[in-house]
Amino acid sequence: MKNYYFQAEHLWAGYNRKPIVRELEFRLPKGEILSLIGPNGAGKSTVLKSIAGQLGLIEGVVYLGEDSLSELGRKQLAKRMSVLFTEKPKGEMMTCRDMVATGRYPYTGRFGVLSPKDMCIVDEALEMVHIAGMAELDFNKASDGQKQRVMLARAMCQEPEIVILDEPTSYLDVKHKLEFLSVLQDMKEKKGLTVIMSLHELELAKRISDKVLCLKDGYAGKYGTPEEIFSHGYIEELFDIREGSFDQESGSVELRRPKGRADLFVIAGGGQGRDIYYRLQREGRPFATGILYDNDLDYPAARSLAAQVIGTKAFETVEEGTICRARQIMDACGQVICCRENIGSLDLANRELMEYAREKGMYVKGYYGSGNYVRCGKEPSCGWAVQDYEPGRVSDGSL
Amino acid sequence: MLENRKTARCSMALTFLGVGSLMLLFCNIIFGSISIPAREFGSFLAGGRMDETYRRIIMEIRFPRAAAAFWLGGALALSGYLLQTFFRNPIAGPFVLGISSGSKLAVALVMIFFLGKSIRVSSGALIAAAFAGALLSMGVVLLMSKKVDSMALLVISGVMIGYICSAITDFIVTFADDADIVNLHSWSQGSFSGMNWDHVAAMAAVLSVSVLIIFCLAKPISAYELGQSYAENMGVNTVKLQILLVILSSILSACVVAFAGPISFVGIAVPHLVKRLADTSRPLWMIPASFLGGSMFCLGCDLIARISFAPVELGISTVTAVFGAPVVLWIMAGRRMGT
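Please read these numbers as outputs of a predicted model, since none were measured by experiment.

## Here's the deal with a nonpolar patch on the surface
Judged by side-chain polarity, L135(B), V239(B), I243(B) and I247(B) come together as a nonpolar surface patch covering roughly 310 Å² of accessible area. With respect to the helices and strands, L135(B) occurs in helix α5 (residues 123-147).

So this is what it looks like as structure tokens:
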């Protein structure tokens, strides 16, 4: 009990007593970041509104430290918890500083006049989210990203122990996403801030969260560390991904695999094949690829996009059977391109494949798709003179 | 420091509005179909003697009328400000939302009922009737606001409620006794005429308490302006605040209707004008500034209504509309352009 700062027990939440989310149970120690993930309409915002005390709980209890949420007075709660929701205040005729200063509300007197100490805290908050320079800018004239940071500064001004954020990074560009999350991490480290937020960006959720809670159709899915959640293809199941795929290792996504029988073999590896895979995917062209070690940067993308992947265990000698199978697939494709800048002396298997492709006259130096000719990397430096690409033979993608 | 500069601007705006109101109050007393020499009025103020006719014009007609314009104008503007805050709608006001018309209907009913029995209606009863009418209209507007989420539609439903109430009022007035009609007709058009000190005392009592309460709500109102969820998170009981806002704005506009009838555009226009003047939207400044701005506006309009075509007197709403309606157009044009 004592180890947890935040506890939700047996939580049912919804509007007008109609439950949207049922039987939720999770605990969070002080100074940890919890991300809520799940498909649109799973009830993430409902959960956040409920644990922020803005939506009456249908059933269940939420504890902040030792106190249950329903027993805490509004004013006490305001000093412990701040929120950042998706709707932005209008802030008519308010500067960014004015907006940040509204966070001091629970601490000011009857008429809300700021003391010098309040002003100091406002300044600190502005510094912290790097908007001190635009403090006097009209809030309504600020960009979405700036507004979001102003609202974060506002939330921090409230000197909370816990902050609830609903999709805080949704409208931010990549730089500001990273800055925003860095501020949260800083606050977590310096002040032991506990964070509960919903995130759509899975790659960020995987990186920043200490705990991840999955929601689907109003029920709790898995709850655990990111390592536990981002494994066994659980994310694809959670989001019911059918078109394309989600790579749980990198947190990135791949579009769907081109349909059909592969008629192009890509010798890849060392992370040099991915760009070609993406290009082939865009052109809807099925391909086979190999031989890839299973720890290669190309490997996850190949598994998602290629019709066939010849993979092999990393740090092991490639078995003859694997090379043999690669040759067969090459023969079936009839065309071979190579993305490698060099095929190192230990990568004998791929050297052998290159040799084979050359001998059979299947090797072309570039890929000629539905647009322009792409040279696939430099000449592989394995000491062969390779036939030049012949545009006459390869045109309109029908290699 | 910038914060100080803002405070200075707000204080200056407030001073301007205060001094302006006082000056217009003074003008309202000395100007009219019979102008009173300023020197004579000055010596009267200093405790000297004055011509009896002048004294009676001032003390029995003009001063109570000007005092009423001061109090009721302030009440109208403040009521408009509260409604704009409550509905988060820049063109809300007691008149456009039909609240004034609701009060008008209730007051007309009460007046006709009592006058028919030859009973003099007390100020308190008039205010109570107007308040009941205001709450009734407000209730309908609130119901509508749950159904429609567009600002324009809300205002349109308010205008419709206003028309319905006015139609019923006209219907009642048509069938009232001749003696009542004279009274009711000028009142139902809106006018500050016929005020006496009893009226002024009654409105001052009700309004001063209401305004004081509203001023004490400045802090929660500032939180409410950020939106419901943020206000809740700041520890504001928004349900309680909303109820207070509804009741207080209804009292303010009820008070106006009970004594002066429905007056248009002051409630919408003045808060925007003083917001620009003081360059702030902080309720702590906006509440006194709206009140004084409304006073100044109504005193000015009443002066124009009385003297521009003297001895013919214009309806107060005629003048307020001339000055107020362009402001409303200006607000809407400004919003279009995204400000």
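After presenting the structure, the write-up continues.
## Considering the interface of chain A and chain B
One widely used convention gives an interface's size as the accessible area the parts lose upon coming together. In this assembly, 33 residues from chain A lie in contact with 28 residues from chain B. The junction of chain A with chain B conceals about 2,700 Å² of combined surface from both sides, 54% of it contributed by carbon and sulfur atoms. Area buried by chain A at its contact with chain B is led by R74(A), M93(A) and Y105(A), which between them contribute 29% of it. Where chain A touches chain B, the interface holds 3 salt bridges. Elements with a contribution of two residues or more to the side of chain A that touches chain B: α2 (74-80), β6 (81-84), α3 (96-101) and α5 (144-157) of chain A. Here the side of chain A that touches chain B takes 4 residues from β6(A), the largest share from any one element.

## Digging into the pattern of salt bridges
All names here are of chain A. Applying the stated rule across the entire model yields 30 salt bridges over all chains. Taking the shortest distance from any N to any O, the salt bridge between R104 and E159 comes out at 3.4 Å. Note that R104 is positioned in the loop between α3 and α4 (116-128) and E159 in the loop between α5 and β7 (162-166), a separation of 55 residues in sequence. Bridged by salt links that share partners, the residues E9, E25 and R27 form one connected network.

## Regarding the confidence of the model for chain A
Residues and elements named next belong to chain A. Here chain A shows a mean pLDDT of 86. Residues at 70 or above account for 91%. The secondary-structure element of chain A with the lowest mean pLDDT is strand β18 (residues 373-375), recorded at 55, while strand β8 (residues 194-198) shows the highest, at 96. Contacts for the low-pLDDT stretch residues 381-399, under 50 throughout, to residues beyond four places or in other chains number 41 contacts.

## Let's talk about the environment of E249(A)
Inspection of the secondary structure assignment puts E249(A) in the loop between β11 (245-246) and β12 (253-254). Sequence separation of E249(A) and S45(A) is 204 residues, and the distance between their C-alpha atoms is 27 Å.

What counts and how
- Residues numbered from 1 in each chain as written.
- Chains lettered and ligands numbered in written order.
- Predicted model: local features only at pLDDT ≥ 70, side-chain atom pairs only at ≥ 80, totals over all residues.
- Heavy atoms only, no water.
- Patch = residues over 30% accessible without salt bridge, like charges linked within 9 Å, V, L, I, M, F, W, Y side chains within 5 Å.
- Areas by Shrake-Rupley, 256 points an atom, 1.4 Å probe, with all protein chains shown as cover.
- Salt bridge = Lys/Arg side-chain N within 4 Å of Asp/Glu carboxyl O.
- Helix = DSSP H or I, 4+ residues; strand = E, 2+ residues; numbered from the N terminus.
- Contact = heavy atoms within 4.5 Å.
- Buried area = accessible area lost by both parts, 1.4 Å probe.
- pLDDT = per-residue confidence, 0-100.

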